[in-house]
Every structure is written in structure tokens, then in C-alpha cells.
Amino acid sequence: MIVLKFGGSSVGSPQAIERIIAILKDRDHAGKTPAVVVSAFSGVTDALIDTARRAAAGDCSYTNMVRELEKRHKSAAAAFLKGEERKEAVKAIQNSLSELDRILDGVALLGELSARTMDLVMSFGERLSAGLLARIFTAAGIEAAFLDARPLVKTDARFGNAQYLPKETFANIRACFSRPSGEKAPLQVVTGFIGSTLEGQTTTLGRGGSDLSTAIFGAALEVREVEIWTDVDGILTADPKLVKTAFRIDEMSYAEAMEISHFGAKVLFPPTVKPALEQGIPIRIRNTFNPACEGTRIVAEAADGKYPIRGISSINHIALLRIQGSGMVGVAGFSARVFGALARRGISVILITQSSSEYSISFAVLPDEARRAEAALAEEFEREIRSGDIEKPVAEKDLSIIAVVGSRMKHTSGNSGKFFHALGRNGVNVVAIAQGSSELNISAVISRQDEGKALNAVHEAFFLAGVRSVNLFLIGTGLIGGTLLDQIAGHREILADKDKIRIRLVGAANSRYMIFRREGLDPKKVKALLSDDRSGAPGRSDGGDAVETLNLQSFIKKMVSFNLPNTCFCDCTADDEISAAYGEIMRQAIPIVTPNKRANSGSLEYYRRLTSYSRERGIPYLYETTVCAGLPVISTLRDLFLSGDRVRRIEAVLSGTLSFIFNNFDGAKPFSALVREARAKGYTEPDPRDDLNAMDAARKALILARECGLSLEFANVDIEPILPAACFRAKDVASFFKELEKSDADFEKRRTRAAEKGMALRYTAVIEEGAARLSLGAEPEGSPFRSLTDSDNIVVITTDRYSKLPMVIKGPGAGAQVTAGGIFADIVRIARTLV
């Protein structure tokens, strides 16, 4: 035999009821189901509670709410019943609600609502549901009868959360279901959730108590299995509303089920497991709307899964109370006094943790009970508090508990490390920790606002260990940023399939607009969405993506409010304001990838603050592309430093523009003509002076010097001007070229003098002996700087290890493709770092 339970969502509509009928008629259940336990229609219990409270408050609208309940149940009857059957069902509904009206009228008259009366009011949900469903099943060809569980399920008098009495209850249920051999009994449609005291007063078993009712009937009847039908495919590895990648658990043990349901898994009511466990009856969680799915089976000894944990659960809102003081240390019975005081007030403790020094005890309770708990402890320890032996109890609110559960943790090392690493790398602060000696679960108390991020981070760490993800927020969709978007669009599927790295673009902005989508933006469409001709007025929506006017603080605030795990901020601009916000972003534990040189070539104090914060907090700050685009210069210097080598000298050509000009300055064309050619090919800014002033190369040299440990400000970099002052005073680009042409002869003389000695002009940076300088010099034949072509960059590094033959890094140091490729590589590196 099998006992089934259908929850509120499973009986909440005519379509859902049709599915129940089909399930009861299928070959797995027809003739094998002595009882079906049902909940109230979805939302009815909450409506009854609200109705009772309104009545107690003197709000006459409670009568209208009863009429709405009547209308809903009559509508369900009309969908399935006709003629006399329908009339009888309507009459039964009216009789029940007339009784409810009388009770509520009494509540309104007295202006008082006791827990006992509230239980009686709430019982009408299941009584209406079970009575109507019995008639509907019979009309559908399934012989059924309504069974009010109150005379059978006997409980204590703790109204609102009554405890059932096994001996009396089991005897009553067995007597009720006892039939002479061969006599066919109708399907009993049982009211879940409710029982009664030995004196006959109606009680409830706590919210979710219909699960417990089902287990009680299953245990009493010693059935083969208890099936709990709900609106999900079983118990999942995490809450699917918060973790989109959660998946079904095939099988788990009773102990694991109790742990995971205690810590917030709403599929199963925690006390449900106990009656089934005592009788060794498996519990199966199944989906009314997907009956083909086998669901989750809960048994005494579950087979080991392929993951070290079984699932992750959380309690969304708790308060943490702490009592501490030197008067606790070594005092026998202190903990007994703490929890005895709470027990006398009927306060349930969710989690307990105590320091090994015995200096403090912390415990979690529901927020509604925090004030009573504080009062209970203050009263119990009034004398010790007054004498200063212990401090006044403190309650910290707006917290959540996240717990990983699994019996395999006892035999698998590294689970605690993986759990706390996942939280720490995502900036989730742990307020308290608890782990039972059975090693069945590890729990952490965290800020309530971090619950979703923590669940996703931990779920990915344990269940998607081979998959690494990044939630990307990008500012700057111009040449470099736009090329990056194209590269992400073209390669992310391959990256996901081959390397198990998933890059999701969640937010993007150009210089005027910004756009966000939690589920991810299409990188192919972002530039169009943010363009003036598509976005129009701010606030216009395109395919669900709201385009807003860019405000940097609003962008950062939105990025932080999403609170996604593995978030990464990418700055593809040269903006001072954005780089000034890096510290603020990193304080939110968000890694940064940037080609923007402004932060690292700004004040030395800001550079050190960013790099130190990154190093100390383990928050990646990657800026490889600030020097030589995609060439691995900064990472190489860092590796040399970490491996104990010492950089003695760096010589470099750091400007692609200047590299192109001097690589081709062989006398065939005047200097000004080469500058014009570089501008025409896009190697310079629209105003070439922005490149020929060597400021960009100087910033790169300063970054390299700082990476070598030199304490230099930008003003300390010695920059030899390339152009005469008159060129910079020119009012526009045309005037600039006229002035530059006047200098062609001087440049040619300098080139000729160098050529006569077998040398060629190159503009190089040299970092040595605590200084950095940039100058135009003559390089001999065989110099690595003579090997450059087009706009190549080169960095020559002399170290203690590379002294006789310096290390040479050479290649394209500019260009949208190579720069964007370097940024893309840093983003992928973020994914690998966050494992």
C-alpha cells in the first residue's frame, strides 16, 4: 500500500485536480492507495489567518473574505460536479462556512483571538478541501470518502504547533482502517495538518503539517511507501528560485532529509521524517505536474552520490543572540541555564555555537522570538549582568543561515575549506559557524542580503566544480570594448563547451547609457541597444532591457545590488572618474579587469592601496593590458618577483605610434610625412600630439617601474620631448603639421648622424637604479630595438637570472584585437582564479 499527500499547489486549480485524478487512476496507485492526505487549496490557510485577525481587530471585511472562500470552493465544485452531486457539495461548503461565520462573529464580538481559536479557524481549509475532493474523486470514478483526521490524530494542547501522541493516534487510525477480509474500502480523503487533543479541541501540527499527517498515517498503516506530491520534481540541491542551476537529488537518507529540511528546504516539513524513520518506511517526493519524474526517495541508508555533499539549504531570516563574559568561563551548568530559560519561554533554538574558551555562546532564533529571548536571558542572568560578570545579551538581526548537508562529508576531506573559500572569495562575511560532531552538515550565519550570492557560490563550488563562471559588468563599448564584445560573442560557446568557463554579460555601459539584465545580455546586441538611434529617451525598453542614462554611481550601485557570485567589473575606458572608483568596487569584493592606465599611473598612494587591497583580500585586480596590450609583460614581472628574481634594468619601446614612426624613418620620407601616415592608418589619436607628447609611454613606464617596486610618482619620470614646443602651441591639427614640417630638417640631420655610425633612432624607456626616463636615442646594429616592425612593442628585462642574455618580450603592443584579446584573457583568468 501507498499513502499519498497532495499539497496546496497540487489542489489549487481544476487543472491540478485533474492531474491528481489521473495519478490516482494510474497503474502504480489504483487499488494500492488506502488514503490520500490533502492540504487546503493554495493560499486558503493564509486567507483564513488574515480573516481571523481582521475579525479580532474589528475589521468587518472578514465577512467578504469568507464569501471569497465560498466562491472559490463552489467554482471548483462546478468544474467537476453536476446535478445532485453539485448541490450536495455546495450545501456542504455552505454548512462549513456558516460554522466559520459563527466562530468569526464571536471573535469579532470579543475582540480576542486565542491560539486555540486560530487553530479551529485554520482547520476549515483542509476540511473544505478534503470534503470537496472526496466528492470530485467519486464523480470521476474513484470511490472515495471524506475522513476528518481530528478524531484520529491525537495531540497535546500546544495550539499552533501541536505534537502528536503516537500510541493513541496509531491505535485510532488502525481501528478506522480495519476491514473484514475481502471487503473493499473506499479511498479515504484525509484532512492534513489538523488533529485534536484528548478532550476533542482542534489543533494544528504547524505550518507544513500535512506532510507530518501523511507520515503518521503511513506509519500507522505500515505502508510500503509514503508519497508527497508537490510542485517540484523532488528535493533539489538548492532552492531553484535562488539557484537556477539546482537539480534533483535522486536519493537521500532520513538524517540528510531532516537536516536539509530543518535548514529551510520547503519541500518537506522537518518533523515528517520521524514517523517514517521509526517504521523504516521510504518517503518519496514527487511532482504533481510531472508525474513521469521519479522524484527524490528518502530511505534509511542512501547510496553514495557522486558529490561530496547532498544539498545546500538556507533559512532566509534569523536573529543571532550572543551572551558573553568572563563569568561564564569554567562555570558548570551555565549552558543549561541559558537554554533552560529559553525552553521555559517556548523559544526554539535553530543553531548553537560556543567558543572553545567558553567566553561566549551564540544561538539563532526566529526574528519574532529575538526580543523574548533577550528578555529571558536578561531575567535569568540579572545578578551576573549587574555585577559585570557577563555582558547584557545582544541580538543581531537581518541574518540568514546557509548549510551544506551530506553524509559523505564525514569521509571526505576539504569540504569545510571549499565551503568557506566559496563564501570568502565572493565577499560573504561569516558571522558564526556550527558543525555537528556527526559531520552531517556545516552551517554558517551570514548577512541576509548575501543569501542568494552565497547559495550560488557554494552550489557552484560543490556541484559545478568543473564549471567556472563570471558575471561581467562592462563600461566602455568603443573600439576596445566593442571588440571585446565581439570576441566574447564569437568564443563564449566554445569556451563553455570545451573549457567549462561561462561568461555572462550582466551589465554594460557606453559614455551615455547603461543597461542591465540579470539573466544575461547578448553581447552581439549591446552596442546597438546603447546607441543613440536605438535607445532614444532613457528608460526605453528593448526586449525587456531597460536603457538608462549612465551615472557611474548608479552603475556601481546596481552591480552591487545584484549581489551575484563571481562578479567581475571591466573598465574599457581611459576615464579618470571610473578609475577613481576602483577602490570602492574592490571593497565590495568585486574583481577588476582593466586596460585603463589612469589608476596605476596616478598617485603612488592610490596604486599601492589598490594592489595591496587586492593582495591582502584575495580580490583579483588584473591590468595586464595597461602595458603593451596583450603581451605578457606585467604577469612576467610578477612571476619573476614571486620566484625570487630581482629586476636590474628594463629597456622598452612602449608606444606603438612611436614604434611605427621610427621603425620607418629611414630617410625615404620626411618625419612629418610618417606622422601623417601613422595618423591615416589609425596608429595615432585624431590629434597626433596626444601620442607624440610621450605621455602614454611615460604612464606605461611608470607602471612597469612600480611593478618593479620603485616608489615613483609621474612627476619623477624623466621625459625627453620629441617635438619642439611650437608644435604643441599650434591651435589645431593643420597648424600642428605646418609647424612639424619646419622640423623635418632637424629630424633628418639627427637620423643621418645616427646612420653614419650604423645606428637608427628609437624612442625608448629605461628603468634602472630607481629611476625611469624616456628619450630618443641611437640604437646600434644588433640591438633588439632594431628588430621591430610596423607598430611592435618590445620589453627587454635584465635580472639576476637573466643577466648575460636578457629576457625579451616582443609583439604587437597596440590595436583593438590584441588589446581586447588581452582583456578577454584576464576575464578568463578571473574565472580560473575564482575556483
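Right above here is the structure, for reference.
Let us look at the structure shown here.

Procedures and definitions
By convention here, each chain's residues receive numbers from 1 onward along its written sequence. This being a predicted model, a pLDDT of at least 70 is required before a residue's local features are given, and a value of 80 or more before pairs of side-chain atoms are given or counted; all residues contribute to the totals for chains, interfaces and linings. Computation of side-chain values: all heavy atoms of the structure, hydrogens and water removed. Helix and strand assignments come from DSSP, with helices taken as H or I runs of at least 4 residues and strands as E runs of at least 2, each series counted from the N terminus. Per-residue accessibility, obtained with a 1.4 Å probe over protein chains only, is compared with the maximum for each type, and a residue is labelled buried under 20%, exposed over 50%, and partly exposed between these values. Whether two residues touch is decided by their heavy atoms; if any such pair falls within 4.5 Å, the residues are in contact. Charged residues are defined narrowly, with Lys and Arg counted positive, Asp and Glu counted negative, and His plus the chain ends left uncounted. Every charge is mapped onto a representative atom, which is NZ of Lys, CZ of Arg, CG of Asp or CD of Glu. What a helix is expected to span follows from its residue count: subtract one and scale by 1.5 Å. Two strands make a pair as long as DSSP finds a minimum of two bridges between them. For every element, the axis is a line fit to its C-alpha atoms; helices are fit only across the contacting stretch, and the angle between N-to-C directions ranges from 0 to 180 degrees. N or O atoms closer than or at 3.5 Å make up a polar contact, with two conditions inside protein: a donor-capable atom paired with an acceptor-capable one, and, for residues adjacent in sequence, both atoms drawn from side chains. Any angle from 65 to 115 degrees is called roughly perpendicular, while one under 35 is roughly parallel, one over 145 is roughly antiparallel, and all others are oblique. Crossing chirality is assigned from the near helix's rotation relative to the far helix, an anticlockwise turn below a right angle marking it left-handed and a clockwise turn marking it right-handed. Only Asp, Glu, Lys and Arg are considered charged in this grouping, and only Ala, Val, Leu, Ile, Met, Phe, Trp, Tyr, Cys and Pro are considered nonpolar; every other residue, Gly among them, is considered polar. By convention, a crossover is right-handed whenever its connection, traced from the first strand over the helix to the second and viewed with the strands pointing away, goes clockwise. Grouping buried Ala, Val, Leu, Ile, Met, Phe, Trp, Tyr and Cys residues that are joined through side-chain atoms within 4.5 Å yields what is termed a nonpolar core. Salt bridges are defined as contacts in which a side-chain nitrogen from Lys or Arg sits within 4 Å of a carboxyl oxygen from Asp or Glu. Whether two aromatic rings pair depends on their centres lying within 6.5 Å, for rings of Phe, Tyr and Trp, where Trp uses its six-membered ring; planes under 30 degrees apart make the pair stacked, over 60 edge-to-face, and the rest tilted. As a reminder, the over-ring test applies to NZ of lysine and CZ of arginine, requiring each to be within 6 Å of the ring centre and within 35 degrees of the ring normal. Cysteine sulfur pairs qualify as disulfides if the two atoms are within 2.5 Å.

With respect to the overall build of the chain
Part 1: The helix and strand tally for the chain stands at 30 helices and 31 strands.
Part 2: Along the three orthogonal principal directions, the C-alpha set of the chain runs to about 120 × 70 × 55 Å.
Part 3: Residues counted as buried form 52% of the 835 residues belonging to the chain.
Part 4: Contacts spanning at least 24 positions in sequence make up 72% of the contacts within the chain whose residues lie at least 6 apart.
Part 5: For the chain, the distance from the average site of its 106 positive side-chain charges to the average site of its 102 negative ones is 1 Å.

Some thoughts on the side chain of serine 791
Part 1: Counting through the fold element by element, serine 791 comes out in the loop between strand 29 (771–780) and strand 30 (792–799).
Part 2: With sequence-adjacent residues up to four places away left out, serine 791 is seen in contact with Gly656, Ser659, Phe660, Tyr683 and Gly813.

Considerations on helix 4 (residues 83–110)
Part 1: Helix length check: helix 4, at 28 residues, gives a terminal C-alpha distance of 41 Å against a target of 40 Å (1.5 Å per residue), a fit within 8%.
Part 2: Restricting attention to buried positions, one finds in helix 4 the residues Ala89, Val90, Ile93, Ser96, Leu97, Leu100, Asp101, Ile103, Leu104 and Val107.
Part 3: Immediately downstream of helix 4, the backbone of glycine 111 shows phi near 65°, a positive value.

Quick word on the sheet that holds strand 14 (residues 360–365)
Part 1: Reading across the sheet, the six strands line up as 13-14-12-15-17-16 and stay open at both edges, with antiparallel pairing between neighbours. Only two strands of the sheet have a single partner each, and these edge strands are strand 13 (351–354) and strand 16 (430–435). Neighbour-to-neighbour, the strand axes of this sheet turn through a mean angle of 30°, independent of strand direction.
Part 2: In terms of strand pairing, strand 13 meets strand 14 through four bridges, oriented antiparallel. Bridge pairing links isoleucine 352 to phenylalanine 363 in strand 14.
Part 3: Packed onto the sheet, helix 11 (residues 370–380) meets strand 12 (311–324), strand 14 and strand 15 (394–405) and runs at close to 35° relative to strand 12.

Re the environment of leucine 495
Part 1: Examined against the element boundaries, leucine 495 turns out to sit in helix 15 (residues 479–499).
Part 2: Separated by 333 residues in sequence, leucine 495 and valine 828 have C-alpha atoms that sit 9.2 Å apart.

Thoughts on helix 23 (residues 656–663)
Part 1: Within helix 23, eight of the eight residues are buried, which leaves the element mostly enclosed by the surrounding structure.
Part 2: For helix 23, the N-terminal cap is serine 655; the gap from its side-chain oxygen to the backbone nitrogen of threonine 657 is 3.4 Å.

Structural notes on the packing of helix 15 against helix 30 (residues 816–833)
Part 1: For the pair helix 15 and helix 30, interaxial distance at closest approach is 9 Å and the crossing angle is 55°. The angle between helix 15 and helix 30 places the two elements in the oblique class. Along this stretch, helix 15 crosses helix 30, giving a crossing that reads as right-handed. Mapping the contact onto sequence places Leu479, Ile480, Thr483, Leu484, Gln487, Ile488, His491 and Leu495 in helix 15 and Ala816, Gln817, Thr819, Ala820, Gly821, Ile823, Phe824, Ile827 and Val828 in helix 30.
Part 2: Residues belonging to the contact of helix 15 with helix 30 are distributed by class as follows: eleven nonpolar, six polar and no charged.

Observations concerning the pairing of strand 1 (residues 2–6)
The side chains of a regular strand alternate, residue by residue, between the two faces of the sheet.
Part 1: In terms of burial, strand 1 is a largely internal element, five of the five residues being buried.
Part 2: By the bridge criterion, five bridges tie strand 1 to strand 8 (residues 225–230) in an arrangement that is parallel. When the sheet's bridge partners are listed, valine 3 is paired in strand 8 with valine 226.
Part 3: With four bridges joining them, strand 1 and strand 2 (residues 35–38) adopt parallel strand pairing. Following the sheet pairing, leucine 4 is matched in strand 2 by valine 36.
Part 4: Following the backbone out of strand 1, through helix 1 (residues 14–25) and into the adjacent parallel strand 2, one traces a crossover that is right-handed.

Regarding the nonpolar core
If you look at soluble globular proteins, the nonpolar side chains tend to sit buried side by side.
Part 1: Phe569, Leu654 and Phe671 are the most contacted members of the largest nonpolar core, which totals 80 residues.
Part 2: Considering every element that reaches this core, the biggest residue donor is helix 26 (residues 695–707), with seven residues.
Part 3: Beyond its immediate stretch of four places on either side in the chain, phenylalanine 569 contacts Phe473, Ile475, Phe555, Met559, Ile578, Tyr582, Ile585, Ile590, Pro591, Ile592 and Val593.
Part 4: Formed by 50 residues, the second largest nonpolar core is a distinct cluster that contains Phe6, Val121, Ile136 and Trp229.

Some details on the sheet that holds strand 4 (residues 154–155)
Part 1: Pairing within the open sheet is mixed, and its three strands lie in the order 4-6-7. Two strands close off the open sheet at either side, each with one partner strand: strand 4 and strand 7 (202–204).
Part 2: Two elements, strand 6 (residues 194–197) and strand 7, share three bridges in a ladder whose sense is antiparallel. Residue pairing in the sheet places serine 196 in a bridge with threonine 202 of strand 7.
Part 3: Contacts from helix 5 (residues 115–139) reach strand 6 and strand 7 within the one sheet, and its direction differs from that of strand 7 by about 80°.

Regarding the environment of proline 166
Part 1: With respect to the element layout, proline 166 can be found in helix 6 (residues 166–177).
Part 2: A relative accessible area of 39% means that proline 166 is categorised as partly exposed.

Some points on the pattern of salt bridges
Part 1: Counted according to the given criterion, the structure contains 45 salt bridges.
Part 2: Note that lysine 700 and aspartate 696 form a salt bridge whose closest N and O atoms lie 3.3 Å from each other. In this pair, lysine 700 and aspartate 696 are both assigned in helix 26, four residues apart and thus about one turn of the helix distant.
Part 3: Within this structure, Glu225, Glu251, Arg284, Glu294 and Arg297 form a network of salt bridges that share partners.

A few points about the environment of threonine 204
Part 1: Within the element layout of this structure, threonine 204 appears in strand 7.
Part 2: Spatially, the C-alpha atoms of threonine 204 and alanine 115 are 10.0 Å apart, while their sequence positions differ by 89 residues.
Part 3: Non-local contacts of threonine 204, meaning those with residues more than four positions away in its chain, are made with Asp119, Met122, Gly160, Asn161, Ala162, Phe193 and Ile194.
Part 4: Within the local environment of threonine 204, its side chain forms a polar contact with the side chain of aspartate 119, the two groups lying 2.9 Å apart.

Let's talk about the packing of aromatic side chains
Part 1: Inspection of every chain in the model, using the stated rule, returns 23 aromatic pairs.
Part 2: Here the aromatic rings of tyrosine 307 and phenylalanine 463 are separated by 5.0 Å at their centres, their planes lie at 70°, and the arrangement is edge-to-face. Of this pair, tyrosine 307 sits in the loop between strand 11 (296–299) and strand 12 while phenylalanine 463 sits in helix 14 (residues 451–463), and the two are 156 residues apart along the sequence.
Part 3: Its relative accessible area of 23% is what places tyrosine 307 among the partly exposed residues.
Part 4: Look at phenylalanine 463 and you get buried, because its relative accessible area is 5%.
Part 5: Put simply, the rings of Phe473, Phe516, Phe555, Phe562 and Phe569 pair up and form one aromatic cluster.
Part 6: When the ring centre of phenylalanine 714 is taken as reference, the NZ or CZ atom of arginine 699 above it lies at 5.8 Å.

Thoughts on the packing of helix 3 (residues 62–80) against helix 4
Part 1: Interaxial distance between helix 3 and helix 4 falls to 10 Å at its minimum, and their mutual angle equals 165°. Our classification of the angle between helix 3 and helix 4 gives roughly antiparallel. Crossing angle aside, the handedness with which helix 3 passes helix 4 is right-handed. Here helix 3 contributes Tyr62, Val66, Arg67, Leu69, Glu70, His73, Lys74, Ala77 and Ala78 to the contact with helix 4, which in turn contributes Arg86, Ala89, Val90, Ile93, Gln94, Leu97, Leu100, Asp101, Leu104, Asp105 and Ala108.
Part 2: Classifying every residue of the contact of helix 3 with helix 4 gives twelve nonpolar, two polar and six charged.

What about the state of the cysteines?
Part 1: All told, the structure shown has zero disulfides when counted by the stated rule.
Part 2: As a non-bridged cysteine, cysteine 572 has cysteine 570 as the owner of its nearest cysteine sulfur, 3.7 Å distant.

As for unusual backbone geometry
Part 1: A positive phi angle, near 65°, is found at alanine 589, a position not held by glycine.
Part 2: Mapped onto the secondary structure, alanine 589 falls in the loop between helix 20 (582–586) and strand 24 (592–593).
Part 3: Accessibility expressed as a relative area gives 15% for alanine 589, which makes it buried.
Part 4: For glutamate 769, which is not a glycine, the phi torsion comes out positive at approximately 50°.

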